[in-house]
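# Coordinates in review
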Amino acid sequence: MITHPNVKVNLGLNVLRKRPDGYHDLETLFVPCFGLTDTLEIITGDDYSRTIAGLQAKYGALAQAISPDGKLMITIARREGVDWDPLKDLTAKAYFMLADDYKLPPMKIFLEKTNPVGAGLGGGSADAAFALRMISELAELGLTDAELASYAARLGSDCAFFIYNVPMMGSGRGEILEPFPLDLGDLRLEVIVPEGISVSTADAYRGVVPRIPAKPLARVLKQDPATWKEDLKNDFEETVFEKYPELAKIKAQIYLRGALYCAMSGSGSSLYALFRP
């Protein structure tokens, strides 16, 4: 089974308050973006992989690991190299989490990472959510979207969104989701990923000052998009731009290109822009 996990952008991101558990309450609108994707293949037992030959030809050396019990083999390919333990990848964690509750057959995961890491686009979360669904289908677990989302929320704050993969208002840590009727009309969405900049989510949260906005996010999103430049904010931008001033310069250049609205996605470093046709 092969899928292509996509990324997301955040239309607005308000960090409201710090919680007793150390996390933050926030509000944001998750919007799927299908222009950037990874490739994820999961097979059972000794089934034949349709991607491994291509990955070896394209990347040469691949990062590969087998779980201590031999039930999971995971292979990851990435142009920049893989600097993490494959068994700690979120796709592997998805398998282990379901294996705690269900009897799963041995599986092999093949992941080609082309989506940027540390860019605020949720690429790793998407891989995990897609893996949960694929493992459920391959093992015939019959899990509902709500059940899959519950598992996904344990893997990451924005993982559950990718189970639904439609515009959703996120609250709590981002795992509390409600459908939101978003109509961008004929506006064109463009994602910009600056080279060589990766922002740590932990660092971004460390510098942010929680606040309650004058206007709730849902109210701002119902305004004309022409007003978003003034009213639709990402609370991470102030501190992230202070540490990476080149991001502020890129945002200014995007507005000079005629963007109707431009903002950082998540905790950065990617930006996205809306253009009129």
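The following paragraphs examine the structure supplied in this document.

Bringing the pattern of salt bridges into the picture now. Counted by the stated rule, this structure contains 16 salt bridges. Put simply, Lys-215 and Asp-231 hold a salt bridge, and the shortest N to O gap is 3.1 Å. Of this pair, Lys-215 sits in the loop between helix 6 (201–207) and helix 7 (217–221) while Asp-231 is found in helix 8 (residues 228–231), placing the two residues 16 residues apart along the sequence. Overall, Lys-215 belongs to the partly exposed group, its relative accessible area being 29%. Shared partners join several salt bridges into a network, and the residues in it are Arg-17, Arg-19, Asp-21 and Asp-25.

We now examine the pairing of strand 8 (residues 168–171). Here 3 bridges tie strand 3 (residues 24–37) to strand 8, and the two strands are oriented antiparallel to one another. By the bridge assignment, Thr-28 is partnered in strand 8 with Gly-170. In the sheet, strand 8 pairs with strand 9 (residues 176–179) via 4 bridges, with the strands oriented antiparallel. Within strand 9, the position partnered with Ser-171 by the bridge is Ile-176.

All right, on to the packing of helix 3 (residues 123–138) against helix 4 (residues 145–155) then. Helices that pack against each other are described as a pair by the angle of their axes relative to one another and the distance between those axes. Helix 4 packs onto helix 3 with a crossing angle of 135° between their chain directions and a minimal axis gap of 10 Å. One finds that helix 3 runs oblique with respect to helix 4. For the crossing formed where helix 3 meets helix 4, the hand is right-handed. Contacts between helix 3 and helix 4 involve Ala-128, Leu-132, Arg-133 and Ser-136 on the former and, on the latter, Asp-145, Leu-148, Tyr-151, Ala-152 and Leu-155. Looking at side-chain class alone, the contact of helix 3 with helix 4 contains 6 nonpolar, 1 polar and 2 charged residues.

It is worth spelling out the environment of Val-199 at this point. Mapped onto the secondary structure, Val-199 falls in the loop between strand 10 (188–192) and helix 6. Through-space distance from the C-alpha of Val-199 to that of Pro-5 is 21 Å; in sequence the pair is 194 residues apart.

Each value, and the rule that gives it
Throughout, a residue's number is its position along its own chain's written sequence, starting from 1. Reporting in this predicted model follows two pLDDT cut-offs: at least 70 for local features of residues, and 80 or more for side-chain atom pairs to be given and counted; totals over whole chains, interfaces and linings ignore these cut-offs and use all residues. Water and hydrogen atoms play no part in the side-chain values, which are based on all heavy atoms of the structure. Throughout this description, the term salt bridge denotes a Lys or Arg side-chain nitrogen within 4 Å of a carboxyl oxygen of Asp or Glu. Runs of H or I in DSSP of at least four residues are treated as helices and runs of E of at least two as strands, each being numbered from the N terminus. Each residue's exposure class comes from its accessible area (1.4 Å probe, protein chains only) as a fraction of the maximum for that residue type: buried when under 20%, exposed when over 50%, partly exposed otherwise. When DSSP finds at least two bridges between two strands, those strands are taken to pair. Axis definition: a line fitted to C-alpha atoms, over the contacting stretch in the case of helices. Angles run 0 to 180 degrees between N-to-C directions. Roughly parallel covers angles under 35 degrees, roughly antiparallel covers those over 145, roughly perpendicular covers 65 to 115, and oblique covers all other angles. Left-handed describes a crossing whose near helix is turned anticlockwise from the far helix through less than a right angle; right-handed describes the clockwise counterpart. Should any heavy atoms of two residues lie within 4.5 Å, those residues are counted as being in contact. Asp, Glu, Lys and Arg are counted as charged, while Ala, Val, Leu, Ile, Met, Phe, Trp, Tyr, Cys and Pro are counted as nonpolar; the rest, among them Gly, fall into the polar class.

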